[in-house]
Amino acid sequence: EPLLSLHGASKSYTLGGNTIRALHSVDLALARGEIAAVTGPSGSGKSTLLNLCGLLDKPDGGELLFDGEPLPAEHEARRTRLRRQAIGFVFQGFNLVPVMTAHDNIDYPLYLLGVSAAERRQRVLQALERVGLAGLGGHKPDQLSGGQRQRVAIARAIVKRPRLVIADEPTANLDAQTASQIVGLMRALAHHDGTTFLVATHDDRMLPHCDRALLLDDGVLKGTFHAH
Ligand code: ADP
Ligand code: ADP
(Lines give C-alpha, C1' and ligand atoms only; values in the text may rest on other atoms or scores of the structure.)
(Ligands and ions follow the chains in the order given, each with its own letter.)
Protein backbone atom coordinates (compact mmCIF):
# COMPACT_ATOMS: atom_id res chain seq x y z
CA GLU A 1 0.00 0.00 0.00
CA PRO A 2 1.42 3.42 -0.90
CA LEU A 3 2.13 6.01 1.79
CA LEU A 4 0.25 8.66 -0.13
CA SER A 5 -1.90 8.52 -3.21
CA LEU A 6 -3.78 10.98 -5.37
CA HIS A 7 -6.68 9.86 -7.53
CA GLY A 8 -7.82 12.29 -10.20
CA ALA A 9 -6.64 15.21 -8.08
CA SER A 10 -7.20 18.68 -9.52
CA LYS A 11 -6.49 22.16 -8.25
CA SER A 12 -7.54 25.51 -9.65
CA TYR A 13 -6.80 29.05 -8.57
CA THR A 14 -9.09 31.97 -9.24
CA LEU A 15 -7.38 35.26 -9.81
CA GLY A 16 -9.20 38.41 -10.90
CA GLY A 17 -12.07 36.49 -12.49
CA ASN A 18 -9.76 34.05 -14.31
CA THR A 19 -9.54 30.43 -13.31
CA ILE A 20 -6.13 28.79 -13.64
CA ARG A 21 -6.08 25.03 -13.57
CA ALA A 22 -2.77 24.34 -11.85
CA LEU A 23 -3.23 20.54 -11.71
CA HIS A 24 -5.47 18.41 -13.93
CA SER A 25 -6.64 15.02 -12.72
CA VAL A 26 -3.36 13.76 -11.29
CA ASP A 27 -2.97 10.08 -10.34
CA LEU A 28 0.06 9.37 -8.21
CA ALA A 29 1.17 6.83 -5.61
CA LEU A 30 4.20 7.46 -3.41
CA ALA A 31 5.74 4.31 -1.97
CA ARG A 32 7.25 4.09 1.51
CA GLY A 33 10.97 4.84 1.46
CA GLU A 34 11.06 6.13 -2.09
CA ILE A 35 12.65 9.35 -3.21
CA ALA A 36 10.63 10.84 -6.04
CA ALA A 37 11.67 13.94 -7.97
CA VAL A 38 9.08 16.32 -9.42
CA THR A 39 10.33 18.06 -12.54
CA GLY A 40 8.81 20.36 -15.12
CA PRO A 41 9.09 23.95 -16.28
CA SER A 42 8.24 26.94 -14.15
CA GLY A 43 4.46 27.22 -13.75
CA SER A 44 3.85 23.52 -14.54
CA GLY A 45 2.35 22.83 -11.08
CA LYS A 46 5.27 21.52 -9.02
CA SER A 47 4.62 23.72 -5.98
CA THR A 48 0.91 23.01 -6.16
CA LEU A 49 1.61 19.25 -6.16
CA LEU A 50 3.99 19.63 -3.19
CA ASN A 51 1.39 21.66 -1.30
CA LEU A 52 -1.27 18.99 -1.86
CA CYS A 53 1.01 16.12 -0.85
CA GLY A 54 2.28 18.11 2.16
CA LEU A 55 -1.35 18.67 3.26
CA LEU A 56 -0.74 22.43 3.11
CA ASP A 57 -3.54 22.72 0.60
CA LYS A 58 -6.38 20.47 -0.56
CA PRO A 59 -7.43 19.31 -4.00
CA ASP A 60 -10.70 20.78 -5.26
CA GLY A 61 -11.41 17.62 -7.25
CA GLY A 62 -10.42 14.01 -6.80
CA GLU A 63 -9.15 12.26 -3.72
CA LEU A 64 -6.06 12.09 -1.51
CA LEU A 65 -5.25 9.12 0.72
CA PHE A 66 -2.56 9.21 3.40
CA ASP A 67 -1.53 5.81 4.72
CA GLY A 68 -4.61 4.31 3.10
CA GLU A 69 -6.94 6.73 4.82
CA PRO A 70 -9.03 9.13 2.70
CA LEU A 71 -8.55 12.74 3.79
CA PRO A 72 -11.61 14.59 2.55
CA ALA A 73 -11.38 18.39 2.52
CA GLU A 74 -13.66 18.74 5.55
CA HIS A 75 -11.33 16.72 7.81
CA GLU A 76 -9.33 19.83 8.67
CA ALA A 77 -8.26 18.77 12.17
CA ARG A 78 -7.00 15.39 10.97
CA ARG A 79 -5.15 17.05 8.10
CA THR A 80 -3.45 19.54 10.44
CA ARG A 81 -2.47 16.84 12.93
CA LEU A 82 -0.97 14.65 10.20
CA ARG A 83 0.90 17.61 8.70
CA ARG A 84 2.47 18.48 12.07
CA GLN A 85 3.30 14.94 13.13
CA ALA A 86 3.97 13.00 9.95
CA ILE A 87 5.35 15.47 7.41
CA GLY A 88 8.64 17.37 7.35
CA PHE A 89 9.44 20.30 5.05
CA VAL A 90 12.72 21.46 3.54
CA PHE A 91 12.50 24.81 1.77
CA GLN A 92 14.72 26.49 -0.76
CA GLY A 93 16.98 28.91 1.08
CA PHE A 94 16.90 26.86 4.30
CA ASN A 95 14.45 29.05 6.30
CA LEU A 96 16.56 28.71 9.45
CA VAL A 97 16.12 31.16 12.31
CA PRO A 98 19.37 33.17 12.18
CA VAL A 99 19.59 34.03 15.89
CA MET A 100 19.13 30.40 16.96
CA THR A 101 21.87 27.76 17.01
CA ALA A 102 21.64 24.72 14.74
CA HIS A 103 20.62 22.71 17.81
CA ASP A 104 17.77 25.10 18.68
CA ASN A 105 16.57 25.32 15.06
CA ILE A 106 16.27 21.54 14.97
CA ASP A 107 14.71 21.44 18.45
CA TYR A 108 11.93 23.91 17.65
CA PRO A 109 9.46 21.53 15.89
CA LEU A 110 9.76 19.08 18.79
CA TYR A 111 9.15 21.89 21.28
CA LEU A 112 5.99 22.82 19.34
CA LEU A 113 4.86 19.19 19.49
CA GLY A 114 5.26 19.24 23.28
CA VAL A 115 8.00 16.58 23.44
CA SER A 116 9.78 16.46 26.83
CA ALA A 117 13.11 18.29 27.19
CA ALA A 118 15.08 15.09 27.80
CA GLU A 119 13.70 13.34 24.74
CA ARG A 120 14.11 16.46 22.61
CA ARG A 121 17.79 16.69 23.52
CA GLN A 122 18.41 13.06 22.63
CA ARG A 123 16.54 13.34 19.32
CA VAL A 124 18.24 16.58 18.27
CA LEU A 125 21.69 15.09 18.92
CA GLN A 126 20.71 12.01 16.92
CA ALA A 127 19.41 14.15 14.03
CA LEU A 128 22.65 16.20 14.01
CA GLU A 129 24.64 12.99 13.83
CA ARG A 130 22.37 11.61 11.09
CA VAL A 131 23.09 14.55 8.82
CA GLY A 132 26.82 14.52 9.54
CA LEU A 133 26.88 17.58 11.83
CA ALA A 134 27.68 16.00 15.21
CA GLY A 135 29.51 18.60 17.29
CA LEU A 136 28.25 21.59 15.28
CA GLY A 137 24.96 22.07 17.15
CA GLY A 138 26.23 25.20 18.87
CA HIS A 139 26.84 27.02 15.58
CA LYS A 140 24.44 29.62 14.27
CA PRO A 141 23.47 29.47 10.58
CA ASP A 142 25.93 32.24 9.58
CA GLN A 143 28.75 30.17 11.08
CA LEU A 144 27.96 27.27 8.75
CA SER A 145 28.53 26.66 5.02
CA GLY A 146 25.63 26.48 2.56
CA GLY A 147 25.78 22.68 2.53
CA GLN A 148 25.90 22.53 6.33
CA ARG A 149 22.90 24.86 6.55
CA GLN A 150 20.95 22.61 4.20
CA ARG A 151 21.90 19.66 6.44
CA VAL A 152 20.49 21.57 9.43
CA ALA A 153 17.28 22.17 7.46
CA ILE A 154 17.07 18.44 6.69
CA ALA A 155 17.76 17.55 10.33
CA ARG A 156 14.93 19.90 11.34
CA ALA A 157 12.63 18.16 8.86
CA ILE A 158 13.48 14.61 10.02
CA VAL A 159 13.71 15.18 13.79
CA LYS A 160 9.97 14.57 14.12
CA ARG A 161 10.55 11.19 12.42
CA PRO A 162 8.10 12.08 9.68
CA ARG A 163 6.71 9.55 7.24
CA LEU A 164 7.03 12.02 4.36
CA VAL A 165 9.49 14.82 3.66
CA ILE A 166 8.56 17.50 1.12
CA ALA A 167 11.58 19.34 -0.28
CA ASP A 168 11.39 22.31 -2.65
CA GLU A 169 14.59 22.82 -4.69
CA PRO A 170 16.82 21.56 -1.85
CA THR A 171 20.01 21.81 -3.93
CA ALA A 172 19.41 25.28 -5.37
CA ASN A 173 22.47 27.49 -4.78
CA LEU A 174 24.72 24.60 -3.76
CA ASP A 175 27.87 23.64 -5.67
CA ALA A 176 27.91 20.30 -7.49
CA GLN A 177 29.74 18.35 -4.81
CA THR A 178 27.62 19.70 -1.97
CA ALA A 179 24.42 19.12 -3.97
CA SER A 180 25.40 15.52 -4.58
CA GLN A 181 26.13 15.01 -0.86
CA ILE A 182 22.73 16.44 0.05
CA VAL A 183 20.91 14.10 -2.35
CA GLY A 184 23.05 11.20 -1.13
CA LEU A 185 22.03 12.06 2.40
CA MET A 186 18.33 12.16 1.51
CA ARG A 187 18.69 8.84 -0.26
CA ALA A 188 20.38 7.30 2.77
CA LEU A 189 17.58 8.57 5.03
CA ALA A 190 14.91 7.30 2.64
CA HIS A 191 16.42 3.86 2.42
CA HIS A 192 17.56 3.54 6.02
CA ASP A 193 14.52 4.95 7.83
CA GLY A 194 11.83 4.25 5.22
CA THR A 195 11.03 7.96 4.97
CA THR A 196 9.41 8.99 1.68
CA PHE A 197 10.86 12.07 -0.04
CA LEU A 198 9.02 14.16 -2.62
CA VAL A 199 11.49 16.63 -4.09
CA ALA A 200 10.75 19.41 -6.58
CA THR A 201 13.85 20.16 -8.59
CA HIS A 202 15.20 21.79 -11.73
CA ASP A 203 18.55 20.25 -10.92
CA ASP A 204 19.48 17.51 -13.41
CA ARG A 205 22.28 16.46 -11.07
CA MET A 206 19.65 15.19 -8.63
CA LEU A 207 17.80 12.88 -10.97
CA PRO A 208 20.29 9.99 -11.06
CA HIS A 209 20.07 9.83 -7.25
CA CYS A 210 16.28 9.65 -7.14
CA ASP A 211 14.27 6.44 -7.47
CA ARG A 212 11.87 8.02 -9.90
CA ALA A 213 11.14 11.28 -11.66
CA LEU A 214 7.62 12.66 -12.18
CA LEU A 215 7.27 15.05 -15.11
CA LEU A 216 4.64 17.80 -14.94
CA ASP A 217 3.60 19.68 -18.05
CA ASP A 218 1.07 22.47 -17.68
CA GLY A 219 -0.62 20.78 -14.71
CA VAL A 220 -0.70 17.32 -16.28
CA LEU A 221 1.43 14.50 -14.90
CA LYS A 222 2.97 13.35 -18.17
CA GLY A 223 4.43 10.25 -16.76
CA THR A 224 6.97 8.90 -14.42
CA PHE A 225 10.29 7.42 -15.35
CA HIS A 226 12.84 5.53 -13.36
CA ALA A 227 15.95 7.59 -13.03
CA HIS A 228 18.10 4.49 -12.56
P1 ADP B 1 5.67 25.55 -10.41
O2 ADP B 1 5.96 25.26 -8.97
O3 ADP B 1 5.93 24.40 -11.32
O4 ADP B 1 6.35 26.80 -10.89
P5 ADP B 1 3.01 26.30 -9.48
O6 ADP B 1 2.38 25.12 -8.86
O7 ADP B 1 3.61 27.33 -8.59
O8 ADP B 1 4.10 25.82 -10.56
O9 ADP B 1 1.95 27.05 -10.42
C10 ADP B 1 1.09 26.36 -11.33
C11 ADP B 1 0.12 27.39 -11.94
O12 ADP B 1 -0.75 27.87 -10.95
C13 ADP B 1 0.82 28.60 -12.54
O14 ADP B 1 0.06 29.01 -13.66
C15 ADP B 1 0.72 29.61 -11.44
O16 ADP B 1 0.74 30.92 -11.96
C17 ADP B 1 -0.61 29.27 -10.80
N18 ADP B 1 -0.66 29.58 -9.36
C19 ADP B 1 0.08 29.01 -8.39
N20 ADP B 1 -0.24 29.49 -7.19
C21 ADP B 1 -1.23 30.39 -7.39
C22 ADP B 1 -2.00 31.22 -6.52
N23 ADP B 1 -1.84 31.23 -5.21
N24 ADP B 1 -2.94 32.03 -7.10
C25 ADP B 1 -3.11 32.04 -8.44
N26 ADP B 1 -2.43 31.27 -9.28
C27 ADP B 1 -1.50 30.46 -8.78
P1 ADP C 1 26.37 8.91 -2.78
O2 ADP C 1 25.06 8.19 -2.86
O3 ADP C 1 26.39 10.21 -3.51
O4 ADP C 1 27.55 8.05 -3.06
P5 ADP C 1 26.26 8.54 0.06
O6 ADP C 1 24.88 8.02 0.12
O7 ADP C 1 27.37 7.57 0.28
O8 ADP C 1 26.52 9.37 -1.27
O9 ADP C 1 26.45 9.68 1.13
C10 ADP C 1 26.30 11.05 0.81
C11 ADP C 1 26.37 11.86 2.08
O12 ADP C 1 25.39 11.40 3.00
C13 ADP C 1 27.70 11.75 2.78
O14 ADP C 1 28.06 13.06 3.22
C15 ADP C 1 27.46 10.84 3.97
O16 ADP C 1 28.22 11.26 5.09
C17 ADP C 1 25.99 11.04 4.24
N18 ADP C 1 25.36 9.78 4.68
C19 ADP C 1 25.39 8.58 4.08
N20 ADP C 1 24.69 7.66 4.76
C21 ADP C 1 24.17 8.30 5.84
C22 ADP C 1 23.32 7.91 6.92
N23 ADP C 1 22.83 6.68 7.06
N24 ADP C 1 22.97 8.84 7.81
C25 ADP C 1 23.45 10.08 7.68
N26 ADP C 1 24.25 10.51 6.70
C27 ADP C 1 24.61 9.64 5.78
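Shown above is the structure to which this text applies.
Everything in this summary refers to the structure shown in the same document.

Thresholds applied
Residues numbered from 1 in each chain as written. Chains lettered and ligands numbered in written order. Predicted model: local features only at pLDDT ≥ 70, side-chain atom pairs only at ≥ 80, totals over all residues. Heavy atoms only, no water. Near = heavy atom within 4 Å. Polar contact = N/O pair within 3.5 Å; in protein donor to acceptor, adjacent residues only side chain to side chain. Areas by Shrake-Rupley, 256 points an atom, 1.4 Å probe, with all protein chains shown as cover. Nonpolar A, V, L, I, M, F, W, Y, C, P; charged D, E, K, R; others polar. Pairing = 2+ DSSP bridges. Helix = DSSP H or I, 4+ residues; strand = E, 2+ residues; numbered from the N terminus. Axes fitted to C-alpha atoms, helices over the stretch in contact; angles between N-to-C directions. Contact = heavy atoms within 4.5 Å. Buried < 20%, exposed > 50% of the residue type's maximum accessible area, 1.4 Å probe, protein only. Phe/Tyr/Trp six-rings, centres within 6.5 Å; stacked < 30°, edge-to-face > 60°. Right-handed = clockwise from strand over helix to strand, strands pointing away. Salt bridge = Lys/Arg side-chain N within 4 Å of Asp/Glu carboxyl O.

Here the focus is the site of ligand 1. In the vicinity of ligand 1, the contacting residues are Y13, L15, I20, A22, P41, S42, G43, S44, G45, K46, S47 and T48. Between T48 and ligand 1, the recorded distance is 2.6 Å, taken from a side-chain N or O atom to an oxygen atom. Taken by itself ligand 1 offers 560 Å² of open surface, and the protein chains cover 65% of this. Here the shell around ligand 1 is built from residues that sort into five nonpolar, six polar and one charged.

A word on the sheet that holds strand β7 (residues 164–168). Spatial strand order, β6-β7-β8-β3-β9-β10: six strands in an open sheet with mixed pairing. Each edge of the sheet is formed by a strand with only one pairing partner; in this case those strands are β6 (87–90) and β10 (220–225). Between one strand axis and the next, the sheet turns through 20° on average, direction left out of account. In this sheet, strand β9 (residues 212–217) lies alongside strand β3 (residues 35–39) in parallel orientation, the contact comprising four bridges. Paired with T39 across the bridge in β9 is L215. Seen against the sheet, helix α1 (residues 46–53) touches β3, β6, β7, β8 (196–200) and β9 and runs at an angle of roughly 160° to β7. Contacts between helix α5 (residues 146–158) and the sheet are confined to β6 and β7, with β6 contributing the most and set at about 165° to the helix.

Our next topic: unusual backbone geometry. Located in the positive-phi region is L55, a residue other than glycine, with phi close to 60°. Note on placement: L55 falls in the loop between α1 and β4 (61–66). The class of L55 is buried, set by a relative accessible area of 0%. Located in the positive-phi region is D67, a residue other than glycine, with phi close to 60°.

Here we take up the packing of aromatic side chains. Applying the stated criterion to the full structure yields two aromatic pairs. Pairing F89 with F91 gives two aromatic rings, centres 6.1 Å apart and planes at 5°, and the pair type is stacked.

Look at any regular strand and the pattern is simple: side chains alternate between the two faces of the sheet. Counting buried positions along β8 gives five out of five residues, so the element sits mostly inside the fold. Side chains T196, L198 and A200 of β8 all project onto a buried face; the interleaved residues F197 and V199 project onto the opposite face, where all are buried too. Handedness of the β7-helix α6 (residues 176–193)-β8 crossover: right-handed.

The next point concerns the sheet that holds β4. Across the sheet, four strands lie side by side as β2-β1-β4-β5; this open sheet has antiparallel pairing. Since the sheet does not close on itself, it has two edges, and those belong to β2 (18–30) and β5 (69–70), each with one partner. Bridge count for β4 against β5 is two bridges, and the pairing is antiparallel. Paired with L65 across the two strands is P70, which belongs to β5. Its contacts with the sheet place α1 against β1 (4–15), β2 and β4, and it is angled at close to 60° to β2.

Turning our attention to the site of ligand 2. Residues in contact with ligand 2, as listed here, are R130, R151, Q181, G184, L185, R187, A188 and H209. R187 places a side-chain nitrogen or oxygen 2.6 Å from an oxygen atom of ligand 2. When ligand 2 sits alone it has 550 Å² of accessible area, and the protein chains cover 54% of it. A per-element tally of the shell around ligand 2 places α6 first, with five residues. Across the shell around ligand 2, the residue classes break down as two nonpolar, three polar and three charged.

This part takes up the pattern of salt bridges. In the structure shown here, the tally under the stated rule is ten salt bridges. Note that D67 and R163 form a salt bridge whose closest N and O atoms lie 3.0 Å from each other. Placement of D67 in the loop between β4 and β5 and of R163 in the loop between α5 and β7 is noted, with a sequence separation of 96 residues between them. Take R163: its relative accessible area is 32%, and that puts it in the partly exposed class. In this structure, the salt-bridge partner of R120 is D107, at a minimum N-O distance of 2.9 Å. Here D107 lies in helix α3 (residues 102–112) and R120 lies in helix α4 (residues 117–130), a separation of 13 residues in the sequence. Across this residue pair, the class does not change: R120 and D107 are buried.

Geometric values such as these leave the question of function open.
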